[in-house]
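The lines below spell out each chain.
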Amino acid sequence: MHLALFIIFGGLCVAGALNLLLQRHPINSALSLIVVMSSLAVLYLLLGAEFLAAAQVIVYSGAIMVLFTFVIMLLNAGKEERTHGSKMAYVAGFPGAAILLSLLTYIFLSHRAAFDQAGLDDKFVTGTSALSAVLFSHLLLPFEVTSVLILIAILGAVALARKEH
Amino acid sequence: MVPIAYYLVLSGILFSIGVAAFLIKRNIITVFMSIELMLNAVNLTFVAFSRYWSQAQYRLNPTNYLQVNGQIFVFFVMVVAAAEAAVGLAIIIAIFRARNTLNVDQIDLMKL
């Protein structure tokens, strides 16, 4: 059951990411990125991270991707054109990414036995209470600092995107 | 049962696709989206290792074993990614106003 769900949603993730890479129009890339993020939320649920699965759907596939599609539509972004720089990127990009992938895969699979196996038991489900118990006791100061960070980011975004007169 | 290494391999695949998209894509918005893809891949690694640590801890101490540090890292990454997306898209809007293009090959000078 776990393996079947992992294969389905992991396959959806990889398919969406490849679609992001291959599509020429940014709005298609944005929509395939939403697929990737939503299936990642399912994978978080499979790993027992309940709160993060909800936050992934709300923050990533909700807020951030809506912002992306909004900007794409606002700027009326069309198809990207092929230029000389993109040929250089093909020559350097695909082999580099392939080397990175094969290295990571080799390292992870050669230590496969040392990493455990994850099943579908609710012993390891981390709810909101377990997360907030740590977040609001040991990590209260970083949590409050991030709220200041968000405030500064809002102010910066408004200042940057404002029309100058 | 799925080996946790498979989750790590999946996140490696997603990260490599993100790197390739970052290098190959010419539209500045798509380049920014591939950065988000890489952040998501790293988040999956954090969650998988958090699960692994909980399971390792369960064998040592079956009463108090849940380890949430990795998930808290993911929480902070999400917060920072939200802030980064807002500021980055505002910068993209400002660039588009100044240059009237979204192609990264034509945005290669600091001055206007």
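Here the structure is a predicted model, which is why all the values come from computation and not from measurement. Every chain's residues receive numbers from 1 upward, in the order its sequence appears when written. Each chain is given a letter, starting from A, and each ligand a number, starting from 1, according to the order in which they appear as written. In keeping with the model being predicted, local features are shown solely for residues with a pLDDT of at least 70 and side-chain atom pairs are shown and tallied solely at 80 or more, while totals for entire chains, interfaces and linings include all residues.

### Focus on the overall build of chain A
Then, number 1: Counting its secondary structure elements, chain A contains six helices and one strand.
Then, number 2: A principal-axis box enclosing the C-alpha atoms of chain A has dimensions of 55 × 40 × 25 Å.
Then, number 3: Counting other C-beta atoms within 10 Å of each residue's C-beta, where C-beta atoms are placed from the backbone, gives the exposure class: buried for 20 or more, exposed for 12 or fewer, partly exposed between. Split into buried and exposed, the 165 residues of chain A put 28% on the buried side.
Then, number 4: Contact between residues is assigned whenever the C-beta positions, reconstructed from backbone atoms, fall within 7 Å. Sequence separation of at least 24 residues holds for 61% of the intrachain contacts in chain A that already meet a minimum separation of 6. Only runs of H or I of at least four residues qualify as helices and only runs of E of at least two qualify as strands under DSSP, and these elements are numbered from the N terminus.

### Comments concerning the packing of helix α3 (residues 50–75) of chain A against helix α2 (residues 28–60) of chain B
Then, number 1: In this analysis, axes come from line fits to C-alpha atoms, helices being fitted only over the stretch in contact, and the angle between any two N-to-C directions falls in the range 0 to 180 degrees. In the contact formed by α3 of chain A and α2 of chain B, the axes pass within 12 Å of each other and the chain directions differ by 175°. Comparing their axes, α2 of chain B and α3 of chain A come out roughly antiparallel. Along the contact surface, α3 of chain A presents Leu52, Tyr60, Ile64, Phe68, Val71 and Ile72 of chain A, while α2 of chain B presents Ile29, Met33, Glu36, Asn40 and Val47 of chain B. Reported orientations rely on four angle classes, namely roughly parallel under 35 degrees, roughly antiparallel over 145, roughly perpendicular from 65 to 115, and oblique for the rest.

### Points about the interface of chain B and chain A
Then, number 1: Between chain B and chain A, the residue contacts involve 63 residues of the former and 75 residues of the latter.
Then, number 2: Those elements that place two or more of their residues in the side of chain B that touches chain A are β1 (2–3), α1 (4–24), α2 and α3 (69–99) of chain B.
Then, number 3: Looking at the side of chain B that touches chain A, the element that brings in the most residues is α3 of chain B, giving 20 residues.
Then, number 4: Polarity classes work like this: nonpolar for Ala, Val, Leu, Ile, Met, Phe, Trp, Tyr, Cys and Pro, charged for Asp, Glu, Lys and Arg, and polar for all others, with Gly in that last group. A breakdown of the residues in the side of chain B that touches chain A according to their chemical character gives 48 nonpolar, ten polar and five charged.
Then, number 5: Here two bridges tie strand β1 (residues 117–118) of chain A to β1 of chain B, and the two strands are oriented antiparallel to one another. Each residue of the ladder has a partner; that of Gln117 of chain A, found in β1 of chain B, is Pro3 of chain B. Note on pairing: two strands pair once DSSP finds at least 2 bridges between them.

### Comments concerning the confidence of the model for chain B
Then, number 1: A residue-level look at chain B finds 98% of positions with pLDDT of 70 or above and a mean pLDDT of 89.
Then, number 2: For this predicted complex, the interface score ipTM comes out at 0.90, alongside a pTM of 0.91. Every residue carries a pLDDT, the predictor's confidence in it, which falls somewhere between 0 and 100.

### Structural notes on the domain arrangement of chain A
All names here are of chain A.
Then, number 1: All domain edges in this entry derive from an automatic or database-based domain assignment. Examined at the domain level, chain A breaks down into domain 1 (1–80 + 116–126) and domain 2 (127–165).
Then, number 2: Placing the centre of domain 1 and that of domain 2 at their C-alpha centroids yields a distance of 23 Å.
Then, number 3: The interface is formed by four residues belonging to domain 1 together with four residues belonging to domain 2.
Then, number 4: The residue makeup of the side of domain 1 that touches domain 2, split by class, is two nonpolar, one polar and one charged.

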